[in-house]
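One letter stands for each residue in the lines below.
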Amino acid sequence: MIMEAVKNGDLQQASTLFERYNKRIFNFLARLAMDRALAEDLTQNVFLRIIKYRGSYKEGARFQSWIYQVARNVFSDHYQAHKNKYSDFVDVEKLKDNMPETEDEPWEEKEKLLHRSMAMLPDEQRELLVLTRFQHMKYEEVAQIMNTTVANIKVKVHRAVAKLREHYFELEKN
Amino acid sequence: MNGSRDPQDDMEKEKLESLLIDFIDGKLSEEERKTVEQELVRNAEAFTLYEQLKEVIQAMNNASRLEPSDHLKVSFDKMLQEEMGKQQTGKTVFFRPSLYRVAAAVLLLVLGGGIGFWISKQQQQATELARMKEEMDRTKQLLIGMLDNQNSASQRVEGATVAYKSVVKADDEIVNALVKAMNDDPNTNVRMAALEALRKFQHQPYVRKMLVASLSTQKDPMVQIALIRLMVEMKEKGVTEELQRITTEEGVLPAVKDEAHIGLMRLS
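Residues numbered from 1 in each chain as written. Chains lettered and ligands numbered in written order. Predicted model: local features only at pLDDT ≥ 70, side-chain atom pairs only at ≥ 80, totals over all residues.

1. Examining the overall build of chain A
Put simply, the rule is: Secondary structure elements follow DSSP: runs of H or I no shorter than four residues count as helices, runs of E no shorter than two count as strands, and numbering proceeds from the N terminus. Residues are defined as contacting one another if the C-beta atoms placed from their backbone atoms lie within 7 Å.
Within chain A one finds nine helices and zero strands. When the helices and strands of chain A are read in sequence order from the N terminus, they spell out α-α-α-α-α-α-α-α-α. Long-range pairs, those at least 24 residues apart, make up 63% of the contacts in chain A with a sequence separation of at least 6.

In structure tokens form, the structure reads like this:
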């Protein structure tokens, strides 16, 4: 409903959408990009696109699915544009610089371990885990966002969890 | 641990992992759940796998939420204001507490109604004016084009007639086109029609000046006579010298000289 108002020119309503979704989108992008500063820039881009391309929002569509689709596009456009600058995998050693825990949220050892093993997953697997596990999104909605079937999402999520387990306990041994 | 397995074992392991994840997620039927529980009791390797899967799943579930910096909100507000500015709906004042927002909304609604009514009136007038101006511009271009039509004298006469009938106040462009037609057009009818049109604008200073100037250069007797009559009508005393010259100049038609005499009498 709010997005429909924005679409019809009431841009002020975008503030409400920002209040409701900025943290979710920021968390999604930060976990996906593994870089907080970058995630803030990308989150800003997501909301800019939502305002700029408000005309492409289909009335009656679920807004949350739409904003996540926009966020995925912003993320993938960013990496398309920086193809030569970044390699396919995240450099685990550099993560400490990009994802520093703030003073009021000190990370426990386990969480650091989780973070490092997440970094070892390919983008697609990491993304699926962020959506379904970190953000507790239902398989149905993820399937809608990624334009695929629920069964397909479930198989992929299970594989990603299994892979994460491997990395996690490998790292724990060292 | 997984390096030397054959594909069959890998498939089995994937099936087991999937079952265990559903088990941890609480997504199994009663019957499936019992089967898994029995397997976990019986198979130590499966139990370790279960324990480890449970740990990573719980770690993800309980991962802390990341907080964006205040900068994000600030830059969003800035961006939104820019976009609203581009939208050209005027400036918007941001009120944080919702009470102010509601109050402002009500105030704006009331004011907006009144202002909107007033604006729509203004806009109607502005639109009307713009439409008229557009029409005038069209007429102007049309008549100038007609006056300039080298192939058709009747078109040029028509152009002068349009100027006479449709133009309320002639601008310099129209006046110059008419003066040029009056002085230089090879066809008498066109010259006369142009003069007739200019006569209508005789109260405009520039037109008056051009008419006076034309008297000294005009060679067409018909136009000369009409011009002298117009000068009398306009009570243009500044042309007496010129009229004197016409009465004495050689080669000027007697009818023109007579008209100049009459003019001199009336103006002095």
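Once you've had a look at it, read on.
2. Structural notes on the interface of chain A and chain B
Cut-off, in case you're wondering: Here the nonpolar group is Ala, Val, Leu, Ile, Met, Phe, Trp, Tyr, Cys and Pro; Asp, Glu, Lys and Arg are the charged ones; every other residue, Gly included, is treated as polar.
Contacts between the two partners involve 33 residues from chain A, matched on the other side by 27 residues from chain B. Breaking the side of chain A that touches chain B down by element, the ones donating at least two residues are helix 2 (14-33), helix 3 (36-52), helix 6 (109-119), helix 7 (123-134) and helix 9 (150-173) of chain A. A total of eight residues in the side of chain A that touches chain B trace back to one element, the largest contributor, which is helix 2 of chain A. Of the residues in the side of chain A that touches chain B, the class split is 16 nonpolar, nine polar and eight charged.

3. Topic: the packing of helix 7 (residues 172-184) of chain B against helix 9 (residues 205-217) of chain B
Residue and element names in this part refer to chain B. Defined as follows: Working convention: axes come from line fits to C-alpha atoms, limited for helices to the stretch in contact. Angles between N-to-C directions cover 0 to 180 degrees. Our angle categories are set so that under 35 degrees counts as roughly parallel, over 145 as roughly antiparallel, 65 to 115 as roughly perpendicular, and the remainder as oblique. Here a crossing is taken to be left-handed if its near helix is turned anticlockwise relative to the far helix by less than a right angle, and right-handed if that turn runs clockwise.
Look at helix 7 against helix 9: their axes get within 11 Å of each other, and the N-to-C directions meet at 15°. When the axes of helix 7 and helix 9 are compared, the pair comes out roughly parallel. Between helix 7 and helix 9 the crossing geometry is right-handed. On helix 9, the residues touching Asp172, Val175, Val179, Met182 and Asn183 of helix 7 are Tyr206, Val207, Met210, Ser214 and Thr217. A breakdown of the residues in the contact of helix 7 with helix 9 according to their chemical character gives six nonpolar, three polar and one charged.

4. Some remarks on helix 4 (residues 63-81) of chain A
Side chains that are three or four residues apart share a direction in an α-helix, a result of its 3.6 residues per turn. All names here are of chain A. The following threshold applies: What a helix is expected to span follows from its residue count: subtract one and scale by 1.5 Å. In this scheme every C-beta is placed from the backbone, and a residue whose C-beta has 20 or more other C-beta atoms within 10 Å is buried, one with 12 or fewer is exposed, and one in between is partly exposed. Taken from the helix axis, the directions to the C-beta atoms give the arc we talk about.
In this model, helix 4 (19 residues) spans 27 Å end to end at C-alpha, consistent with the 27 Å of a helix rising 1.5 Å per residue. Among all positions in helix 4, only Ile67, Tyr68, Val70, Ala71, Val74 and Phe75 are buried. Viewed along the axis of helix 4, the buried residues span an arc of 160°, placing them on a single side of the element. Among the exposed residues of helix 4, those oriented more than 90 degrees off its buried face are Ser76 and Gln80. Close packing links the buried residues of helix 4 with helix 2, helix 3 and helix 8 (139-145).

5. Considerations on the environment of arginine 31 of chain A
Residues and elements named next belong to chain A. Mapped onto the fold, arginine 31 is located in helix 2. A C-alpha to C-alpha distance of 8.1 Å links arginine 31 and arginine 126, two positions 95 residues apart in sequence. Leave out the neighbours within four places in its chain, and arginine 31 touches Val130 and Phe134.

6. With respect to helix 5 (residues 98-147) of chain B
All names here are of chain B. Rules: Two axes enter the bend calculation: one fitted to the seven residues ending at the residue in question, the other to the seven starting there, and the bend is the angle between them.
Taken as a whole, helix 5 carries its principal kink of about 30° at glycine 112. Burial runs low along helix 5: only three of the 50 residues are buried. Buried within helix 5 are the following residues: Leu143, Met146 and Leu147. On the buried face of helix 5, the contacting elements are helix 6 (153-166) and helix 7.

7. Remarks on the environment of phenylalanine 63 of chain A
Residue and element names in this part refer to chain A. Within the element layout of this structure, phenylalanine 63 appears in helix 4. Using a count of 17 C-beta atoms within 10 Å as the deciding quantity, one classes phenylalanine 63 as partly exposed. Separated by 61 residues in the primary sequence, phenylalanine 63 and isoleucine 2 place their C-alpha atoms 9.0 Å from one another.

8. Side note on the nonpolar core
The condition is simple: Nonpolar core, as used here: buried Ala, Val, Leu, Ile, Met, Phe, Trp, Tyr and Cys residues forming one set through C-beta atoms within 7 Å.
Core analysis: the biggest nonpolar cluster contains 55 residues, and Leu29, Val46, Ala71, Leu129 and Val161 of chain A have the highest contact counts within it. Looking at this core, the element that brings in the most residues is helix 2 of chain A, giving 10 residues. Not counting residues up to four positions away in its chain, the partners in contact with leucine 129 of chain A are Met118, Phe134, Ala160, Val161 and Leu164 of chain A together with Met60 of chain B. With 35 residues, the next largest nonpolar core counts Leu143, Leu147, Ala197 and Leu243 of chain B among its residues.

Purely geometric numbers; function is a separate question.
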